[in-house]
Structure formats: structure tokens, C-alpha cells
Amino acid sequence: MTQQPIFPDLAGKDVAVTGGASGIGAAIVRAFCAQNARVSFFDINETAGQALEQDLSPLAQFVPLDLSHPEMIAPAFDAAARDGAFDILINNAAHDDRHRIEDVSPQYWRDRLAVNLDHHFFCAQAVIPAMRQAGRGVIINMGSIAWRVGLDDAPAYVTAKAAIEGLSHGLARSLGRHGIRVNCVLPGFVRTQRQVEKWVTPEFEAEVLSRQCLQDFIQPEDVAAVVVMLASDSARAVTNQTVIVDAGWS
Ligand SMILES: NC(=O)c1ccc[n+]([C@@H]2O[C@H](COP(=O)([O-])OP(=O)(O)OC[C@H]3O[C@@H](n4cnc5c(N)ncnc54)[C@H](O)[C@@H]3O)[C@@H](O)[C@H]2O)c1
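The name an unreviewed UniProt entry gives the protein is D-xylose dehydrogenase, with Paracoccus seriniphilus as the organism. UniProt lists a comment for the protein under the heading Sequence similarities (unreviewed entry), and it reads "Belongs to the short-chain dehydrogenases/reductases (SDR) family."

> Describe in detail the layout of surface pockets, supporting the description with residues and values.
Its boundaries defined by the atoms lining it, the largest pocket holds a volume of some 1,300 Å³. Lining the largest pocket are 47 residues, with Ala94, Asp96, Tyr157, Arg194 and Gln195 sitting closest to its centre. Of all the secondary structure elements, the ones that give two or more residues to the lining of the largest pocket are helix 1 (23-34), helix 4 (106-134), helix 5 (146-149), helix 6 (155-175), helix 7 (193-198) and helix 8 (202-211). If one sorts the elements of the lining of the largest pocket by residue count, helix 4 sits on top with 5 residues. Here the lining of the largest pocket is built from residues that sort into 20 nonpolar, 16 polar and 11 charged. Space inside the second largest pocket adds up to approximately 290 Å³. Residue lining of the second largest pocket: 16 residues in total, with Thr2, Gln4, Ala31, Ala34 and Ala225 positioned closest to the centre. For the lining of the second largest pocket, the secondary structure elements donating two or more residues are helix 1 and helix 9 (220-231). Per-element tally for the lining of the second largest pocket: the top contributor is helix 9, with 5 residues.

> Now, about the sheet that holds strand 5 (residues 137-142): what can you tell me, with residues and values included?
With parallel pairing, 7 strands are arranged side by side in an open sheet as 3-2-1-4-5-6-7. In the strand order of this sheet, the two ends are held by strand 3 (60-64) and strand 7 (242-245), each with one partner. The sheet shows a mean angle of 20 degrees between the axes of neighbouring strands, taken without regard to direction. Across 6 bridges, the pairing between strand 5 and strand 6 (residues 180-187) is parallel. Pairing of Ile140 across the sheet is with Asn183, part of strand 6. In the packing of helix 3 (residues 73-80) onto the sheet, contacts are made with strand 1 (14-18), strand 2 (38-43), strand 3 and strand 4 (88-91), and the angle to strand 2 comes to roughly 155 degrees.

> Go over the packing of helix 1 against helix 9 with me, naming the residues and quoting the values.
Direction vectors running N to C along helix 1 and helix 9 enclose 50 degrees, while the axes themselves pass 8 Å from each other. If you check the angle between helix 1 and helix 9, you find them oblique. With respect to the hand of their crossing, helix 1 and helix 9 are arranged in right-handed fashion. From helix 1, Gly23, Ile24, Ala27, Ile28, Ala31 and Phe32 reach across to helix 9, where they touch Pro220, Glu221, Val223, Ala224, Val227, Val228 and Ala231. In terms of residue class, the contact of helix 1 with helix 9 is built from 11 nonpolar, 1 polar and 1 charged.

> How would you explain the nonpolar core if you had to name every residue and give the values?
For soluble globular proteins, nonpolar side chains are generally found buried alongside one another. Residues Ile28, Val29, Phe32, Ile90, Val223 and Val227 are the most contacted members of the largest nonpolar core, which totals 36 residues. Of all the secondary structure elements, the ones that give two or more residues to this core are strand 1, helix 1, strand 2, helix 2 (46-56), strand 3, strand 4, strand 5 and helix 9. No other element matches helix 1, which puts 7 residues into this core.

> Provide a residue-level description of the site of the ligand, including the pertinent values.
The local shell around the ligand holds 27 residues, among which Ser22, Ile24, Asp43, Tyr157 and Val190 are the closest. Ile44 is positioned with one of its backbone polar atoms (N or O) 3.2 Å from a nitrogen atom of the ligand. One nitrogen or oxygen atom from the main chain of Val190 is found 2.8 Å from an oxygen atom belonging to the ligand. Compared with its free state, where it exposes 820 Å², the ligand has 92% of that area covered by protein. According to the grid-proximity analysis, the pocket containing the ligand is the largest pocket.

Rules of the game
- Residues numbered from 1 in each chain as written.
- Predicted model: local features only at pLDDT ≥ 70, side-chain atom pairs only at ≥ 80, totals over all residues.
- Heavy atoms only, no water.
- UniProt positions renumbered as here; feature names shortened; annotations may be inferred.
- 1 Å grid on protein atoms, 1.4 Å probe; cavity = no way out; pocket = protein on both sides within 12 Å on 5 of 7 lines; lining within 4 Å.
- Points joined across faces, edges and corners; volume = space filled by probe spheres on them.
- Helix = DSSP H or I, 4+ residues; strand = E, 2+ residues; numbered from the N terminus.
- Nonpolar A, V, L, I, M, F, W, Y, C, P; charged D, E, K, R; others polar.
- Pairing = 2+ DSSP bridges.
- Axes fitted to C-alpha atoms, helices over the stretch in contact; angles between N-to-C directions.
- Contact = heavy atoms within 4.5 Å.
- Parallel < 35°, antiparallel > 145°, perpendicular 65-115°, else oblique.
- Left-handed = near helix turned anticlockwise from the far one by under 90°.
- Core = buried A, V, L, I, M, F, W, Y, C linked by side-chain atoms within 4.5 Å.
- Buried < 20%, exposed > 50% of the residue type's maximum accessible area, 1.4 Å probe, protein only.
- Near = heavy atom within 4 Å.
- Polar contact = N/O pair within 3.5 Å; in protein donor to acceptor, adjacent residues only side chain to side chain.
- Areas by Shrake-Rupley, 256 points an atom, 1.4 Å probe, with all protein chains shown as cover.
- Sits in = over half its atoms within 2 Å of the grid points.

Below is the structure:
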């Protein structure tokens, strides 16, 4: 893997990462620990979360949490913040299960938005008061190119991913006056373990490469590297942006 630069301002920062136990989120947790930041990661997958915590302790701490219950978010964040506040929030958790239009019940639709959208707002709501008080902070929301390219058989997921871009721009406008930057990162196809297990076939991979300008698969670490740079002071003038990490998909 490419060696990543060190951003000195990230050392000692308190970072919250949702969905950090596996996939892109785990790469983000590792990347912030490599910067000597202190990372709390929130995830429903206790086995993977505990294993990652063991690997990265004491810089990383795992907090078991089902983010689809918004009323549980603020208490969990308050309990996890090591100095009572987070400097950086990475909203990353999602669940991209496919669903056919005719099979979607009102409850299933609500569940999809709860797991893919709602917690982005409520995690932000939990960290904003302390960021406002500090006069600085960074929020990065993980969207997807899925809604822009029209991913099939996932109407609730693509709806959530489109809304995350809107939410990012709305928060950036409201919070910029308090020194808080908000950006949205849109990955293309990233070769995570779950993607490989669920959807990847030789035909699928050939289709991905035919759509990308670059002829390498995007790895979770490629997305994490962009997230870390955006969280650092090197991006101090970057807010209200959508940053696409898709190897040139068209
Ligand atoms: N992998 C890709 O190709 C790709 C492409 C575009 C966008 N993205 C986005 O990047 C982000 C990470 O994707 P990924 O591929 O690593 O996903 P993943 O499914 O591999 O990991 C998601 C993580 O979120 C956690 N999670 C799911 N539901 C949860 C809940 N209710 N409470 C707490 N944690 C929960 C999972 O346990 C898991 O650790 C997501 O926002 C996804 O939409 C991924």
C-alpha cells in the first residue's frame, strides 16, 4: 500500500468513526491511528469491533452501538468522548442490501433510512455543541456515487445517499460560522470484504473496470487517505464540498 503522509495537527485529536469495525470504516480507524489520533468507533458488529480495538489499543476504542436507534446516539457519544468532546466526526456506517421496488414495505423503507441516513444527522447533532464551543471541528459524511449512476435494486439506499449530500451542504452552511467544516466523500466501487463476498463476480469486476478511467480497484485505504487529508488542517479552506473517489467512473 502507498505510504501515507503524516499531518501533525491530527495527533491527539479525538475522532469518532461510525461503522468503523469493518470495510472502509476500519481503514479510516487505522488511518487516524497512524496519525496518532485517538479514535472511538461505533458499530453493531461486536466481533469485528473488538478484534480491531485489540489490534489498535490504546489509540482506538470500540463502542458497540446500533446506530439505527437515534435516541441511543448522544448518550453513547457523550460516554465515549475521552476529553468530553470530539474534534472530528466521520459518518460512515451504512447497509447496502438490495431490495426490489415491489418488496418494500413502509417498515422496510423506514429501516433502510434509519440505517443509511438518520444517524448521519443525529451523530452530527451529538458532536456539534462541543465543536461550536471550541470554534472548530470537522464532519465528513460518506455518500456514494450509487445514486448519481443509478444503482439498480436499491431505491431506499440511493435515496439515503442522495440525501447525505444535501445534509452535508446544509450543515456546512449552518456550521461554517462556528469554524466547523462539513464535507461529503463519494466512493465509487471499493473492494471491501463484504463487496467481494456479496456481489463480486468476474463479470462484475470487468464491468467496474470498463466504467473506471483508472484500471485498478479502489481499496478501502484509498478512501481513508482522502478522508484523513480532508480532516486535517491542510484542508482548512475546504468545506461544503463533495469529493469523489471513484477512479474516474463514467
Ligand atoms: N464499498 C463500496 O463500494 C462503497 C461504495 C460507495 C459508498 N460506500 C459507502 O462507504 C461507507 C462504508 O461502506 P463499506 O463498503 O465499508 O460498508 P460495510 O458494509 O463493509 O461496512 C459498514 C459498517 O457499518 C456497520 N453498520 C451497519 N449497520 C449498522 C448499525 N445499524 N449500527 C452500527 N453499525 C452498523 C457494519 O457493521 C460495518 O462495520 C458506507 O457509507 C457506504 O455506503 C461504499
